[in-house]
Amino acid sequence: MKFSHLLDLVHVPGGIPASRLASDLALVTSVSLDLADTPLSSADPADLAAGYASHRPRPVTAVVLTSNEEERIAGCLNALADDADHCLLVDSGSVDGTAEQALRARGDARILSAPWADDFSRQRNLAFGEVTDGWLCHVDADEILVPSHAGRLRRALSVLDYLLPDSDFVVSPVIADVGGPVYSNTQRVLRADGPFRFRGRVHEHPYDPDGRAPARVQIDARFDHSGYLPEVVDQRGKRERYVRLDRLARTEEPDNPKWVYYEVRDGLDHRSASEEELRAAFTLLAAHAGETLPAGPPGYRTERIVDSWSLLCELALGLGEADALRTYAALLGEAGRTVEATYYRTLLESSRLLGRLSALVDEIGSVQGAEEPANRHLMARLFELQSTLALASGRYETILPAYRKSVERGAGHSVTEDFEMLARVLTQLPDRAV
């Protein structure tokens, strides 16, 4: 039996006997294709469940990078009480009470002093020299495992160890920014004795020695992350630090397109950027991203090519570059990013259609001077159309004047029906959305 087949059986009533294996395996939400075909030690789910009953999980060590985290570290470590056997802090020179708070939360916490060298990967990789057995779970001090998910991380790692003892892969818990996006491909948990190490001064991920991305497993264990709240970003100067590290990495690897992507993404504020800044960013990113999907699975050099196309769509949108938006939306579709491709194609087409509707509103207004008794009934219907088209195209200042003109000429019934339907829809919206 293949690993993917056993995962499928989790969702089939009676597919796997009710057991610890079944409940722990249900925490695995997806696996990459290169891992799905891994053969298991038995083809019988009942045999696998029986063997798992006596399985002893490998230890889990939480690795936390710290720098003046006295306000956050206790909450981070306390939340891991059911999931981490050990805690290792890689501290880059805290001058506050970080160490004291960490030891108060976890008396067995180890603290490794490692001066900051503008390199997140270096800090994370130091853990491999300190821990040689079990799992390393890299957690930021401003990330907290949600209380309802306590124990899930350990259970998921245990069942993965049992079923895939000889496979090399990384595990991704969910990380949710408070009030922001949710990330599932986080690649934060890996075996201490495995082949993968982090690369990149910033936005670091694990890779094998040849720069290939590892096989991946995603699990249903969520951490809430408060580090990207606007006040935290400003207070700790995160944007400036990331941009500086992006540029440093780009200087060291000028032919690696991922650093151009990160520099543009981290450094450009779309809300305040001038057209000149947007165009310069677009030109730079387009020159490095290219328009060819890299062969093979994403790796250290190629993993942000498709993301670059998505960012180029955003920039093209701000610049009003329809042809570029069409080009990169098509590339996203070819790369399998169908939701983004559909979004940008729909924006492009709807903008074109709304522009045409708006032009029709003006065209109707331009013939008002040609009204005469013989065509008054047609003018009534035209004004009725104008009101409807103005509503559809967002020309709100035209809706009521056109409606009144249609009523004066004996029409307007369809517009009234539209208004009544719209009023019924609005009553069904939550109060905050009205």
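Rules behind the numbers
- Residues numbered from 1 in each chain as written.
- Predicted model: local features only at pLDDT ≥ 70, side-chain atom pairs only at ≥ 80, totals over all residues.
- Heavy atoms only, no water.
- Helix = DSSP H or I, 4+ residues; strand = E, 2+ residues; numbered from the N terminus.
- Rg over C-alpha atoms; globule rule 2.2 N^0.38 Å.
- Buried < 20%, exposed > 50% of the residue type's maximum accessible area, 1.4 Å probe, protein only.
- Contact = heavy atoms within 4.5 Å.
- Expected span 1.5 Å × (residues − 1).
- Arc of directions from axis to C-beta.
- 1 Å grid on protein atoms, 1.4 Å probe; cavity = no way out; pocket = protein on both sides within 12 Å on 5 of 7 lines; lining within 4 Å.
- Points joined across faces, edges and corners; volume = space filled by probe spheres on them.
- Nonpolar A, V, L, I, M, F, W, Y, C, P; charged D, E, K, R; others polar.
- UniProt positions renumbered as here; feature names shortened; annotations may be inferred.
- Salt bridge = Lys/Arg side-chain N within 4 Å of Asp/Glu carboxyl O.
- Axes fitted to C-alpha atoms, helices over the stretch in contact; angles between N-to-C directions.
- Parallel < 35°, antiparallel > 145°, perpendicular 65-115°, else oblique.
- Polar contact = N/O pair within 3.5 Å; in protein donor to acceptor, adjacent residues only side chain to side chain.
- Core = buried A, V, L, I, M, F, W, Y, C linked by side-chain atoms within 4.5 Å.

Now for the overall build of the protein chain. For the protein chain, the helix and strand inventory stands at 18 helices and twelve strands. Taking 2.2 N^0.38 as the reference for a compact globule, 434 residues should give roughly 22 Å; the C-alpha atoms of the protein chain span a radius of gyration of 29 Å, well beyond that estimate. Its C-alpha atoms put the protein chain at 90 × 55 × 45 Å along the principal axes. Split into buried and exposed, the 434 residues of the protein chain put 44% on the buried side. At a minimum sequence separation of 6, the contacts of the protein chain that also span at least 24 residues come to 69%.

Here the focus is helix H14 (residues 322-334). Here H14 contains 13 residues, and its C-alpha end-to-end distance of 19 Å stays within 8% of the 18 Å for a straight helix at 1.5 Å per residue. Here H14 has its buried residues at Ala-324, Leu-325, Tyr-328, Ala-329, Leu-331 and Leu-332. End-on view of H14: buried residues confined to an arc of 160 degrees, all on one side of the axis. In H14, those exposed residues whose orientation departs by more than 90 degrees from the buried face are Asp-323 and Glu-334. Where H14 is buried, its residues meet helix H12 (275-289), helix H13 (305-319) and helix H15 (338-366).

Moving on, we get to the layout of surface pockets. In this approach a probe as big as a water molecule rolls over the atoms, and the regions it shows empty are the leftover space. The calculated volume of the second largest pocket comes to roughly 160 Å³. Broken down by class, the residue content of the lining of the second largest pocket amounts to four nonpolar, one polar and four charged.

In this structure's numbering, the residues bearing the UniProt feature "domain: Glycosyltransferase 2-like" (unreviewed entry) are residues 62-157. Taken end to end, residues 62-157 has its terminal C-alpha atoms 13 Å apart, with 32% of it in helix and 25% in strand.

Enumeration according to the criterion identifies 38 salt bridges in this entry. Asp-140 is paired through a salt bridge with Arg-188; the nearest N and O atoms lie 3.4 Å apart. One end of the pair, Asp-140, is in strand E5 (residues 135-140); the other, Arg-188, is in the loop between strand E8 (182-183) and strand E9 (189-191), and 48 residues separate them in sequence. Arg-188 sits in the buried class, given a relative accessible area of 13%. The shortest N-O distance in the salt bridge between Arg-395 and Asp-362 comes to 2.8 Å. In this pair, Arg-395 is assigned in the loop between helix H16 (376-393) and helix H17 (396-408) and Asp-362 in helix H15, connecting sequence segments 33 residues apart. Within this structure, Arg-58, Asp-133, Asp-161, Arg-191 and Asp-193 form a network of salt bridges that share partners.

Further remarks concern the packing of H16 against helix H18 (residues 413-427). Look at H16 against H18: their axes get within 8 Å of each other, and the N-to-C directions meet at 25 degrees. Relative to H18, H16 is oriented roughly parallel. When H16 is examined against H18, the residues Glu-384, Ser-387, Thr-388 and Leu-391 are found in contact with a partner set consisting of His-413, Ser-414, Val-415, Asp-418, Phe-419 and Leu-422. Along the lines of polarity and charge, the residues of the contact of H16 with H18 split into four nonpolar, four polar and two charged.

Moving on to helix H4 (residues 45-52). Every buried residue of H4 is accounted for by Pro-45, Leu-48, Ala-49 and Tyr-52. Down the axis of H4, the sector holding all buried residues measures 100 degrees, keeping them to one side. Summarising the contacts, the buried residues of H4 are in contact with helix H1 (3-10), helix H2 (20-25) and helix H8 (152-163). Its side-chain oxygen placed 2.9 Å from the backbone nitrogen of Ala-46, Asp-44 serves as the N-cap of H4.

Bringing the nonpolar core into the picture now. Among the nonpolar cores identified, the biggest contains 52 residues, and Phe-282, Leu-285, Trp-309, Leu-315 and Tyr-328 are the most heavily contacted of them. Of all the elements, H13 adds the most residues to this core, at nine residues. For Phe-282, the contacting residues outside a window of four places in its chain are Leu-312, Leu-315, Ala-316, Leu-319, Ala-324 and Tyr-328. Leu-48, Leu-77, Ala-79 and Ala-84 belong to the second largest nonpolar core, which has 49 residues in total.

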